[in-house]
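Architecture and fold: a report
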Amino acid sequence: MHTITYIRRGVQILSLTFLFYGATLLHLKPTEIKWYAMQENSRQATELLYGNPTWTQPFQTFLPARSCRFAGTHGTFRGCLMFFFSDILTWRPPLGVVLPSLALVVVLMVMLARFWCGWICPLGFMSELLYEARKYLGLKRIRFSAPLRNLLKAVGWGLTFIILFSAWFISWSAVAWSIKKPLYLAVCQMCPSKLITPALTGFPIMINLTFPGASTTLLVSLFVVLVASTLLYFSGFILKRAWCKICPLGVILSFFNQGAFLSKEKDLIRCTKCAVCASACPMETSTVYEEKTKKYVNHSQCIHCYRCVDLCPEKKCLTVKFLGLPLFKS
Ligand code: SF4
Ligand code: SF4
């Protein structure tokens, strides 16, 4: 491992510990760090969505840090960004109420973009560990072909659209309850974290195919997607960062990658076209290698892991900058 990778591993370990076990370690209850709660609004919305006036679970959104809601009471925060966006689309809170959290989310997205994926996301970190384990198991790496990468990209876009559209769709009172119930937080129903995170945080696994009155076809379809996405995640043994290539959160963050405060620059004179960066990239993007005219080598799929910078054999050929200030150099 090289310097940046060592630093990154340290940050990843701290992030996983904090996001999965922070509440337990710091003796916090998740409710103590909520940013806002809309109890009354929530009660009405719950009745609208579920038609069940006795269900009084308050609608609360916590500091929108990106931990899986299935981390249960062990997690420091509640809900990932997709959860946050879905909740806003479903419950349609007044803008004044949601604005502080939304503003913070947008600022973080603009500043860091997919830095989250490479340095903080516990799922991304664990998929890298899976891939490391491959070496000890003697499994051969399989690289994605360009058409397969494009297909996965399209799947990611499709999933993101379905998740956001269904979150908005179920907010309408005219939609039948049997459809609303399974589609509520469709993102969680299809995300591999729903199975992996509870297993790691001691929270009961929540696969529920028995919602009374819910559409069986929808429930089974979502379960099939959940199984497929979990299999894709564990294919990370041989396919580097397999799930990250379709992750809906990654899709949304990729919009901000080009303009993120973090950027990579390439010294076109120093580059010897050795292609080490292309083979090192876990997202299998070859922008750094292929760019021949522009010094900025950012890419929408880049997760800011900086393996390309770490492994580039040419001194000062690649530089990572934060707001124009150099952070790392090859
Ligand atoms: S690893 Fe460095 S020198 Fe080699 S192709 Fe990439 S940028 Fe150029
Ligand atoms: S382009 Fe470089 S920083 Fe981006 S994902 Fe690939 S190796 Fe990591």
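You'll find the structure just up there.
Below: a short report on this structure.

Rules of the game
Along every chain, residues carry numbers that run from 1 in the direction the sequence is written. The order in which chains are written sets their letters, starting at A; the order in which ligands are written sets their numbers, starting at 1. Confidence filtering applies because this is a predicted model: local features only for residues at pLDDT of at least 70, side-chain atom pairs given and counted only at 80 or more, and all residues used for totals across whole chains, interfaces and linings. Strands pair, by our definition, only if DSSP identifies at least two bridges between them. For the purposes of this entry, the term helix denotes a DSSP run of H or I that reaches at least four residues, the term strand denotes a run of E that reaches at least two, and both are numbered from the N terminus. With axes taken as lines fitted to C-alpha atoms, and helix axes fitted only over the stretch in contact, angles between N-to-C directions fall between 0 and 180 degrees. What makes a residue near a molecule or strand is its C-beta atom, placed from the backbone, lying within 6 Å of it. Lys, Arg, Asp and Glu make up the charged group, whereas Ala, Val, Leu, Ile, Met, Phe, Trp, Tyr, Cys and Pro make up the nonpolar group; the residues left over, Gly among them, are polar. Around each residue's C-beta, the other C-beta atoms within 10 Å are counted; 20 or more make the residue buried, 12 or fewer make it exposed, and counts in between make it partly exposed. All C-beta atoms are placed from the backbone. Whether two residues are in contact is decided by their C-beta atoms, placed from the backbone, lying within 7 Å. Comment on the angle field: the value is read as roughly parallel under 35 degrees, roughly antiparallel over 145, roughly perpendicular from 65 to 115, and oblique elsewhere. Handedness of a crossing follows from how the near helix is turned relative to the far one, being left-handed for an anticlockwise turn of less than a right angle and right-handed for a clockwise one.

Note on sheets: strands pair through backbone hydrogen bonds, and any given pair is parallel or antiparallel. Sheet architecture is open: 3 strands sit in the order E3-E4-E5, paired in antiparallel fashion. Edge strands, defined here as strands with exactly one partner in the open sheet, are strand E3 (262-266) and strand E5 (325-329). The average angle at which neighbouring strand axes cross in this sheet is 35°, direction not considered. Bridge count between E3 and strand E4 (residues 318-322): 5 bridges; the pairing is antiparallel. By the bridge assignment for E4, leucine 262 is matched with phenylalanine 322.

What follows covers the site of ligand 1. In the vicinity of ligand 1 there are 14 residues, among which Cys271, Cys274, Val276, Cys277 and Cys312 approach most closely. Going through the elements one at a time, helix H13 (276-280) and helix H14 (287-290) are the ones with two or more residues in the shell around ligand 1. In terms of residue class, the shell around ligand 1 is built from 10 nonpolar, 1 polar and 3 charged.

So, on to the environment of valine 175. Among the structural elements, valine 175 can be located in the loop between helix H7 (146-169) and helix H8 (177-183). A tally of 14 C-beta atoms within 10 Å means that valine 175 is categorised as partly exposed. When neighbours within four sequence positions are excluded, valine 175 is seen to be in contact with Phe169, Ile170 and Lys180.

Below, the discussion takes up the packing of helix H3 (residues 81-91) against H7. Between H3 and H7, whose axes approach to 7 Å, the crossing angle comes to 30°. Relative to H7, the element H3 lies roughly parallel. Handedness of the crossing formed by H3 with H7: right-handed. Between H3 and H7, the residues in contact are Met82, Phe85, Ser86, Leu89 and Thr90 and Ile163, Leu164, Ala167 and Trp168, respectively. Each residue belonging to the contact of H3 with H7 can be placed in one class, and the counts come to 7 nonpolar, 2 polar and no charged.

Neighbouring ligand 2 are 14 residues, the closest being Cys281, Cys302, Cys305, Arg307 and Cys308. Of the residues that constitute the shell around ligand 2, the class distribution is 10 nonpolar, 3 polar and 1 charged.

We now examine H3. For H3, the buried fraction is high: 9 of the 11 residues fall into the buried class. Buried within H3 we find Met82, Phe83, Phe84, Phe85, Ser86, Asp87, Ile88, Thr90 and Trp91. One or two positions beyond H3, positive phi appears at arginine 92, with a value near 45°.

Let us look at the environment of serine 221. In this structure, serine 221 sits in helix H11 (residues 216-234). Sequence separation between serine 221 and proline 182 is 39 residues, and the spatial gap between their C-alpha atoms is 9.9 Å.

Among the structural elements, leucine 183 can be located in helix H8. The spatial distance from the C-alpha of leucine 183 to the C-alpha of serine 215 is 9.7 Å, given a sequence separation of 32 residues. Here leucine 183 is in contact with Ser166, Ile170 and Leu218, once residues within four sequence places are set aside.

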